[in-house]
Amino acid sequence: MDAIYSATALRDHPREVKQAARERLVRITENGNGAYVFCSEEVFQREVDDAVERALYAQRVSDAIDRGRADIAAGRCVEGIEAAKAAVASRRASGGAA
């Protein structure tokens, strides 16, 4: 969870704010409103890496959904457990992947 400090706390207690920033994102407020984000280089890199991983995951999911929709539109699908079992058996019998 992010830490929240006022701009005054950053001025009056920089050591405390910097220590928090070594571990996680620190939000700096002005007049009670979010104004800045403060963190160490390591935290920044970790946040960037996490954002990239989430974006790549979202893209893989989107691509899988698109492939599934294309398969359905092309009729490359089965409905029901028995139809799925028959399709797997047929692929295995013909030497195809299950």
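Everything below is about the structure printed above this text.
So, a few notes on the structure that sits alongside this text. (Residues numbered from 1 in each chain as written. Predicted model: local features only at pLDDT ≥ 70, side-chain atom pairs only at ≥ 80, totals over all residues. Heavy atoms only, no water.)

This part covers the overall build of the protein. Along its length, the protein carries four helices and three strands. Reading the protein from its N terminus to its C terminus gives the helix and strand order β-α-α-β-β-α-α. Counting only C-alpha atoms, the protein reaches 75 × 25 × 20 Å along its principal axes. Taking all 98 residues of the protein together, the buried fraction comes to 12%. The long-range fraction of contacts in the protein, counting pairs at least 24 apart against all pairs at least 6 apart in sequence, stands at 6%. Counting only carbon and sulfur atoms, one obtains 54% of the accessible surface of the protein, whose full area is about 7800 Å². (Helix = DSSP H or I, 4+ residues; strand = E, 2+ residues; numbered from the N terminus. Buried < 20%, exposed > 50% of the residue type's maximum accessible area, 1.4 Å probe, protein only. Contact = heavy atoms within 4.5 Å. Areas by Shrake-Rupley, 256 points an atom, 1.4 Å probe, with all protein chains shown as cover.)

Before going further, it helps to examine the sheet that holds strand 3 (residues 33-38). The three strands are arranged 1-2-3 in an open sheet whose pairing can be described as mixed. What marks the edges here is a single partner per strand, and that holds for strand 1 (3-6) and strand 3. Averaged over all adjacent pairs, the angle separating strand axes in this sheet is 35°, with direction ignored. Both strand 1 and strand 2 (residues 26-30) contribute to a ladder of four bridges, which runs parallel. Considered in strand 2, the bridge of Ser6 is made with Thr29. (Pairing = 2+ DSSP bridges. Axes fitted to C-alpha atoms, helices over the stretch in contact; angles between N-to-C directions.)

In the Ramachandran plot, Asn31 falls in the positive-phi region, its phi being about 55° despite a non-glycine side chain. Position of Asn31 among the secondary structure elements: in the loop between strand 2 and strand 3. Assessed through its relative accessible area of 80%, Asn31 is described here as exposed.

A few words on the side chain of Ser40. Within the fold, Ser40 resides in the loop between strand 3 and helix 3 (41-73). According to the relative accessible area criterion, Ser40 is buried, its value standing at 14%. Among the polar contacts listed, one links the side chain of Ser40 to the backbone nitrogen of Val43, at a separation of 3.1 Å. (Polar contact = N/O pair within 3.5 Å; in protein donor to acceptor, adjacent residues only side chain to side chain.)

So, about the nonpolar core. Core analysis: the biggest nonpolar cluster contains eight residues, these being Ala3, Tyr5, Ala9, Val17, Ala20, Ala21, Val26 and Ile28. Take this core: its biggest share by element is three residues, from helix 2 (residues 14-23). Residues in contact with Ala20, not counting those within four places in the same chain, are Ala3, Tyr5 and Val26. (Core = buried A, V, L, I, M, F, W, Y, C linked by side-chain atoms within 4.5 Å.)

In short, geometric facts, not functional conclusions.
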